[in-house]
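# Structure at a glance
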Amino acid sequence: MSSKSIGAVTTEMNNHVEENINKNREVLKSVIRSVLYCARQDIGLRGHNNVIEYSNEDEPDEHDVETTKNQGNFKELLDLLCLENEKFNTNLKSLPKNAKYTSNKIQNDILFASSNVILQTIIREVNEERFLGFVQVEELDALGLTNSIIEFLNSVGLDITKCISQSYDVASVMSRSTNGVQVKNRELSKNKCPYIHCYAHRLNLVLVDVAKSVEIVDNTIGLLEAIYAFQSSSTLRYKIFSDVQKDCETILKVPQHSDTRWVAKYKDNMLSEMKKRFNNNSEFLTAISIFNPISTNFLNDDFVLKCINYYGDDNYFSDQVLSQSKLAKNMYGSCKNIIDFYNEICIMGQSFGEIKKVIERVLVIPVGSASAKRSFSTMKRIKTYLRTSMSTTRLHNLALISIERELSFELIQDPTKIVDEFAKLKNRRL
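Quick notes on the rules
- Residues numbered from 1 in each chain as written.
- Predicted model: local features only at pLDDT ≥ 70, side-chain atom pairs only at ≥ 80, totals over all residues.
- Heavy atoms only, no water.
- Helix = DSSP H or I, 4+ residues; strand = E, 2+ residues; numbered from the N terminus.
- Contact = heavy atoms within 4.5 Å.
- pLDDT = per-residue confidence, 0-100.
- Phe/Tyr/Trp six-rings, centres within 6.5 Å; stacked < 30°, edge-to-face > 60°.
- Buried < 20%, exposed > 50% of the residue type's maximum accessible area, 1.4 Å probe, protein only.
- Polar contact = N/O pair within 3.5 Å; in protein donor to acceptor, adjacent residues only side chain to side chain.
- Expected span 1.5 Å × (residues − 1).
- Axes fitted to C-alpha atoms, helices over the stretch in contact; angles between N-to-C directions.
- Left-handed = near helix turned anticlockwise from the far one by under 90°.
- Nonpolar A, V, L, I, M, F, W, Y, C, P; charged D, E, K, R; others polar.

Bringing the side chain of Gln-245 into the picture now. Secondary-structure assignment places Gln-245 in the loop between α10 (235-243) and α11 (270-278). In this view, Gln-245 contacts Thr-250, Ile-251 and Leu-252; residues no more than four positions away in its chain are not counted.

Residue-level pLDDT values for the protein average 78, and 83% of them are 70 or greater. Confidence, read as mean pLDDT per element, is least for α11 in the protein (63) and greatest for helix α19 (residues 405-413) (90). In the model, residues 51-57 has pLDDT below 50 throughout and makes 19 contacts with residues more than four positions away in sequence or in other chains.

We now examine the packing of aromatic side chains. The full count for this structure, using the stated rule, is five aromatic pairs. Ring geometry for Phe-131 and Phe-134: centres 5.2 Å apart, planes at 65 degrees, overall edge-to-face. Among the residues examined, Phe-134 registers a relative accessible area of 13% and is labelled buried. Look at Tyr-332 and Phe-352: their rings are 5.9 Å apart centre to centre, the planes differ by 70 degrees, and that puts the pair in the edge-to-face class. Taken together, the residues span a long stretch of sequence, with Tyr-332 in the loop between α14 (315-331) and α15 (338-347) and Phe-352 in the loop between α15 and α16 (353-364) at a distance of 20 residues. A relative accessible area of 2% means that Phe-352 is categorised as buried. The structure contains a cluster of three or more aromatic residues connected by ring pairs, namely Phe-298, Tyr-332, Phe-341 and Phe-352.

Looking only at helix α3 (residues 86-94), the buried set comprises Phe-88, Asn-89, Asn-91 and Leu-92. One side-chain oxygen of the residue at the start of α3 lies 3.1 Å from the amide nitrogen of Lys-87, identifying that residue as Asn-85.

The next point concerns α14. Residues lying three or four places apart along an α-helix face the same way, a consequence of the helix completing one turn every 3.6 residues. End to end, α14 covers 24 Å across 17 residues, agreeing with the expected 24 Å (1.5 Å per residue, within 8%). Where the residues of α14 are buried, they touch α13 (301-309), α15 and α16.

Relative orientation of the contacting elements α13 and α14 amounts to 145 degrees, with a least axis distance of 10 Å. Between α13 and α14 lies a crossing whose hand is right-handed. Together, Asp-301, Val-304, Leu-305 and Ile-308 of α13 and Phe-317, Ser-318, Val-321, Leu-322, Ser-325 and Lys-326 of α14 make up the contact between the two elements. Split by residue class, the contact of α13 with α14 holds six nonpolar, two polar and two charged.

What follows is the structure, given as structure tokens:
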């Protein structure tokens, strides 16, 4: 056979392989979209009875049987796509039996690849409070929790030594000033990042304490809690409670008592509670407030030095910040807020390089951890009583896709990055 013939055969084979790869990738994109749809809507992917171990690592063979008629939301959705799109139906059915991309393990790999793509995007542009994942911890003391935090941050590529600030609620294991997580984080990371007690939680504690100090309010809350416990602990009593309201326009429900939900507007004891709860960090927050042009101490030398000293910057950096702040005070005192001030000095490039870094620190210091707690609401929607056997890894992947809806929607629009990430997990025909 001549070299020209061999070349033609090789080209034909390469074209055929490339054609198959492109077909596989297009099918996989639709499969990925189906997985992402289920994850974004917080619904289960599998049927309750079809979680089986396949003898093949990826896909079932003739010895593997699923007995359930309910295939789960994911496979039922794929069947619907097959009905709506004949080309997808043909391409999906033409795939080899060991590479259908629909098995339970493949679902997990797609979820893992998807969360990896989202996580990488977040890490590249960490500029606000973002959800990174759930971590299963074995030790609940301050040292154990700190080690879990640092280990997780390292695993996703975030350096704890570059942490600007920490924010938790008042739980003693987190906030203790002698041996809490906030202290251990500073010790182990050799980073002076200050701790900020969540201000939303502080305000909530003020309202709760003030409400409890008023006897009639405290008694009312206690009575409602007793009614809730009596009415909700029995399905029969709950039914009676609902039945007596059947002719009403609105069916009333007794809410469960929660200190974070009751709001009372009483002035007695309010000032003392506010002072007690909001005195912590006052010196630090006063120091960083001087970078706001509306502050009466805008770029005051003493406060500038205090702010710099919190992070242990060297003398050269401090001198540069002081000299730049004197110049900026005259140039930008008319700015409306710290954001306008920051934008103005960014225009000047390196002329205000050091003070720009200090303001960037100030802008990312958290004032609360309330948004982080919302991730637990998502966890309750995902890990329902029907999905109690879910692993921590799968929960983490599903939660990241659900919480980061903007990023996961972009991936539904174009799943190419997930296809590439999925292909890296194993040598696949992609």
